[in-house]
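The residues making up each chain are set out below.
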Amino acid sequence: MPKNKVALISPSQKHIYGHPPPYPPLSLMQISSVLKQDNYKTIFIEQDFYSPGEFQKTISDPDIICIFITSTSPLMVEVKKLIEKIKLL
């Protein structure tokens, strides 16, 4: 079976805003829609709702061929931490 999963990650916002966003990550939903038209499977990871163990298990899936991370400027420190975690896997 071909590898065709794409991970779409929304980094943690709790440390910046004090709570997760009250809405889904719309940019990632748009990307997912286009990918699904080309028969890719997408995995949404809203980091605020994943324990570190769940995140590591999900992102370590060997069928993942690409990772998208959405962000805004205030979240760049969180994104950098997230990338460092992913590099260690």
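Residue positions within a chain follow its written sequence, with the count starting from 1. pLDDT decides what is reported in this predicted model: residues at 70 or higher carry local features, side-chain atom pairs at 80 or more are listed and counted, and totals for whole chains, interfaces and linings draw on all residues regardless. Neither water nor hydrogens contribute to the side-chain values; these are computed over all heavy atoms in the structure.

Trainee: Can you walk me through the overall build of the protein chain in this structure?
Mentor: Labels follow the DSSP assignment, with helices taken as runs of H or I lasting at least four residues and strands as runs of E lasting at least two, numbered in each case from the N terminus. A count of helices and strands for the protein chain gives four helices and three strands. Listing every helix and strand of the protein chain by position from the N terminus yields β-α-α-β-α-β-α. Projecting the C-alpha coordinates of the protein chain onto the three principal axes gives extents of approximately 40 × 30 × 20 Å. When accessible area is computed with a 1.4 Å probe and restricted to protein chains, residues below 20% of their type maximum are described as buried, those above 50% as exposed, and intermediate ones as partly exposed. Evaluated residue by residue, the protein chain yields a buried proportion of 33% over its 89 residues. Whether two residues touch is decided by their heavy atoms; if any such pair falls within 4.5 Å, the residues are in contact. Sequence-distant contacts, at least 24 apart, represent 74% of the contacts inside the protein chain between residues at least 6 apart.

Trainee: Where do I start with helix H4 (residues 76-87) in this structure?
Mentor: Residue pairs spaced three or four apart in an α-helix point in one direction, given the helix's 3.6 residues per turn. Compared with an ideal rise of 1.5 Å per residue, which puts 12 residues at 16 Å, H4 spans 16 Å between its outermost C-alpha atoms and is within 8% of the ideal. For H4, the full list of buried residues reads Glu78, Val79, Leu82 and Ile86. Summarising the axial view, the buried residues of H4 lie within an arc of 100°, below the 170-degree limit, and thus occupy one face. What points out from H4, more than 90 degrees from its buried face, is the exposed set Val77, Lys80 and Lys87. Turning to H4, the residues buried within the fold contact strand S1 (5-10), helix H1 (14-17), helix H3 (52-59) and strand S3 (64-69). Expected span, for any helix, means 1.5 Å times one less than how many residues it has. Summarising the geometry, the arc corresponds to the directions from the helix axis toward the C-beta atoms.

Trainee: Sorry if this is basic, but what is going on with the nonpolar core here?
Mentor: Proteins that are soluble and globular tend to have nonpolar side chains buried together. Membership of the largest hydrophobic core is limited to nine residues, which are Ala7, Ile9, Ile43, Ile45, Phe55, Ile59, Ile64, Leu82 and Ile86. Listing elements by their share of this core, those giving two or more residues are S1, strand S2 (41-46), H3 and H4. Each residue touching Ile64, except ones within four places of it in the same chain, is listed here: Lys5, Ala7, Ile43, Thr58 and Ile59. Buried Ala, Val, Leu, Ile, Met, Phe, Trp, Tyr and Cys residues form a nonpolar core when they are joined through side-chain atoms within 4.5 Å.

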